[in-house]
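The chain contents come next:
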Amino acid sequence: MSIGLTQRVFSGVQPTGNLHLGNYLGAITRFVELQNTHECIYCVVDMHAITVWQDPVELARNTREVTAAYIAAGVDASKHIVFNQSQVSEHAELAWIFNCVARMGWLNRMTQFKDKAGKDAEKASVGLYSYPDLMAADILAYRATHVPVGEDQKQHLELTRDIAQKFNNDFSKSIRQAGYDDGFFPLPEPLITGAATRVMSLKDGSKKMSKSDPSDLSRINLSDGPDDIARKIKKARTDPDALPSEEKGLEGRPEAANLVGIYAALAGCSIKDVLKDFGGSQFSTFKPALSELAVEKMGPVGLEMKRLMADKAYIDEVLKDGSQRARAIAAPIFEDVKRIVGFIRSK
Ligand code: TRP
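**As for the overall build of the protein**
Working step 1: A tally of regular secondary structure across the protein gives 14 helices and 5 strands.
Working step 2: Scaling as 2.2 N^0.38, a compact globule of 347 residues should have a C-alpha radius of gyration of about 20 Å, and the protein matches this with 22 Å.
Working step 3: For the protein, the spread of C-alpha atoms along the principal axes amounts to about 70 × 45 × 40 Å.
Working step 4: Sorting the 347 residues of the protein into buried and exposed places 49% on the buried side.
Working step 5: Long-range contacts, defined here as pairs at least 24 residues apart, represent 77% of the contacts in the protein between residues at least 6 apart.

**Topic: helix 8 (residues 154-170)**
The α-helix winds at 3.6 residues per turn, so residues separated by three or four positions along the chain end up facing the same way.
Working step 1: Spanning 17 residues, helix 8 covers 24 Å between terminal C-alpha atoms, matching the ideal 24 Å at 1.5 Å per step.
Working step 2: Where helix 8 is concerned, the buried positions are His156, Leu157, Leu159, Thr160, Ile163, Ala164, Phe167 and Asn168.

**Comments concerning the side chain of Gln35**
Working step 1: With respect to the helices and strands, the residue Gln35 is situated in the loop between helix 1 (21-34) and strand 2 (39-44).
Working step 2: Given a relative accessible area of 12%, Gln35 falls into the buried group.
Working step 3: Looking at Gln35, its side chain comes within polar contact range of the main-chain oxygen of Gly74, at 3.0 Å.

**Regarding the site of the ligand**
Working step 1: Neighbouring the ligand are 13 residues, the closest being Gln14, Tyr131, Met135, Asp138 and Gln153.
Working step 2: A distance of 3.2 Å separates an oxygen atom of the ligand from a polar side-chain atom of Gln14.
Working step 3: At 3.0 Å, a side-chain N or O of Gln153 approaches a nitrogen atom of the ligand.
Working step 4: For the ligand, whose unbound accessible area comes to 370 Å², protein coverage reaches 89%.
Working step 5: Elements with a minimum of two residues in the shell around the ligand: strand 1 (8-13), helix 7 (126-140) and strand 4 (146-149).
Working step 6: Sort the elements by how many residues they give to the shell around the ligand and helix 7 lands first, with 4 residues.
Working step 7: Class assignment of the residues belonging to the shell around the ligand gives a composition of 7 nonpolar, 5 polar and 1 charged.

**Regarding the side chain of Asp46**
Working step 1: Note on placement: Asp46 falls in helix 2 (residues 46-49).
Working step 2: Summary of buried charges: Asp46 has no salt-bridge partner, and the nearest side chain of opposite charge, Arg64, is 10 Å away.
Working step 3: At 2.6 Å, the side chain of Asp46 forms a polar contact with the side chain of Ser86.
Working step 4: In this structure Asp46 touches Pro15, Leu59, Thr63, Asn84, Gln85 and Ser86, once residues within four positions along its chain are discounted.

**Some thoughts on the pattern of salt bridges**
Working step 1: A complete count under the given rule lists 21 salt bridges for this structure.
Working step 2: One salt bridge in this structure joins Arg161 and Glu189, with 3.9 Å as the shortest N-O distance. Here the residue Arg161 occupies a position in helix 8, and Glu189 occupies one in strand 5 (residues 189-192), the gap between them amounting to 28 residues.
Working step 3: Salt bridges sharing partners connect three or more residues here, namely Asp216, Arg219, Asp224 and Lys232.

**Remarks on helix 4 (residues 90-101)**
Working step 1: In this model helix 4 runs 16 Å from its N-terminal to its C-terminal C-alpha over 12 residues, within 8% of the 16 Å that 1.5 Å per residue would give.
Working step 2: Among the residues of helix 4, those classed as buried are Glu90, His91, Leu94, Ala95, Ile97, Phe98 and Val101. Viewed end-on, helix 4 has its buried residues packed into an arc of 165°, placing them on one side of the element.

**As for the nonpolar core**
Working step 1: Counting 56 residues, the largest nonpolar core has Leu21, Tyr70, Leu266 and Phe286 as its most contacted members.
Working step 2: It is helix 13 (residues 283-309) that contributes the most residues to this core, 9 residues altogether.
Working step 3: Shared between two domains, this core holds at least three residues of each, these being domain 1 (8-197 + 311-341) and domain 2 (216-307).
Working step 4: Ignoring any residue separated from it by four or fewer positions in sequence, one finds Leu266 in contact with Leu21, Leu25, Leu290, Leu293, Ala294, Lys297 and Met298.
Working step 5: In terms of nonpolar packing, the next biggest core, distinct from the first, is built from 48 residues, Leu94, Leu107, Val147 and Leu157 among them.

**Some details on the packing of aromatic side chains**
Working step 1: Evaluation of the coordinates by the stated rule reveals 15 aromatic pairs.
Working step 2: Measuring from ring centre to ring centre gives 4.8 Å for Phe167 and Phe171, while their planes differ by 45°; the resulting arrangement is tilted.
Working step 3: Under the relative-accessibility criterion, Phe167 is labelled buried at 0%.
Working step 4: Geometrically, the ring pair formed by Tyr180 and Phe184 is edge-to-face, given 5.0 Å between the ring centres and 85° between the ring planes. For the pair shown, Tyr180 and Phe184 are each scored as buried.
Working step 5: The rings of Phe98, Phe167, Phe171, Tyr180, Phe184 and Phe185 are connected pair by pair, giving a single aromatic cluster.
Working step 6: One residue, Arg143, lies across the ring of Phe184, its end atom 4.2 Å from the ring centre.

How each quantity is defined
Residues numbered from 1 in each chain as written. Predicted model: local features only at pLDDT ≥ 70, side-chain atom pairs only at ≥ 80, totals over all residues. Heavy atoms only, no water. Helix = DSSP H or I, 4+ residues; strand = E, 2+ residues; numbered from the N terminus. Rg over C-alpha atoms; globule rule 2.2 N^0.38 Å. Buried < 20%, exposed > 50% of the residue type's maximum accessible area, 1.4 Å probe, protein only. Contact = heavy atoms within 4.5 Å. Expected span 1.5 Å × (residues − 1). Polar contact = N/O pair within 3.5 Å; in protein donor to acceptor, adjacent residues only side chain to side chain. Near = heavy atom within 4 Å. Areas by Shrake-Rupley, 256 points an atom, 1.4 Å probe, with all protein chains shown as cover. Nonpolar A, V, L, I, M, F, W, Y, C, P; charged D, E, K, R; others polar. Lys, Arg positive; Asp, Glu negative; His and termini not counted. Salt bridge = Lys/Arg side-chain N within 4 Å of Asp/Glu carboxyl O. Arc of directions from axis to C-beta. Core = buried A, V, L, I, M, F, W, Y, C linked by side-chain atoms within 4.5 Å. Domains from an automatic or database assignment. Phe/Tyr/Trp six-rings, centres within 6.5 Å; stacked < 30°, edge-to-face > 60°. Lys NZ or Arg CZ within 6 Å of the ring centre and 35° of its normal.

Here you go:
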């Protein structure tokens, strides 16, 4: 038996609040596209969220909000799978096994932990440290082969591959005995979101748009109405020059490049195309056009999210159904894992 060629996509978004245009253009629209070519599993990673303190009421609200965002953006939860991590216990169980496969030295190199834990790493949760092992478990619990993520998650994907490889090596004999001749876990490929869809802060073109930026003017939230969107674009930082007509004219102009990039992503065209239309224009012309486009594209998503959020029962049903279907894939894989590791399975 071999792993086979099913191309299975897995990705996750943390329910930590303030979903914004960066999450939408950088991740969620990508998830939507992949539905046409792959079998997709999209997770709301509530267990990752609690690696830093979350208010319980907010966590539940934010979990529903990410679910609503997936659906509002066009993820088809009946053809593919949408669920929250904590409802499929295989994630946590496999993460434990991976805690025993991954090496301290590997985790010590993770830059996200260093950034998030900051100077006072002694006070960071143990979960924040072992976070990448849980992420590897998320992906490998389904033997997913492709993982759309941003640049910042590339290192965690490499760790996932290292874990898969070490598991395949350490247990090669019992993996063969279990009937698999070319390893048990695939080495999943990252599908890295390109720089074009990397959305930067509206206040500082050198920083990523972020939910934790203290200035709400730095980001367009998915929950923003048309007036907020227009106001934020109007106030977005720019430089005094007109837009260039060639892409290389955007070099050294991070704010201009960001706004043009956002326009291109929303319009579904290239930066070149945008500059063909707006090269030579001042921001006083470009900003209202961007604003109109953003309202046209994001407005309906925000409204649909709001509508879905008002129907908790529906969202919870989507998550329940998704969890059941996710478990149906993960459970038999995990049964094999336990057998491979040497855990006794009572009949
Ligand atoms: N760590 C990812 C992030 O913060 C979220 C995540 C958790 C994830 N598990 C995953 C992404 C599995 C892809 C695959 O963005």
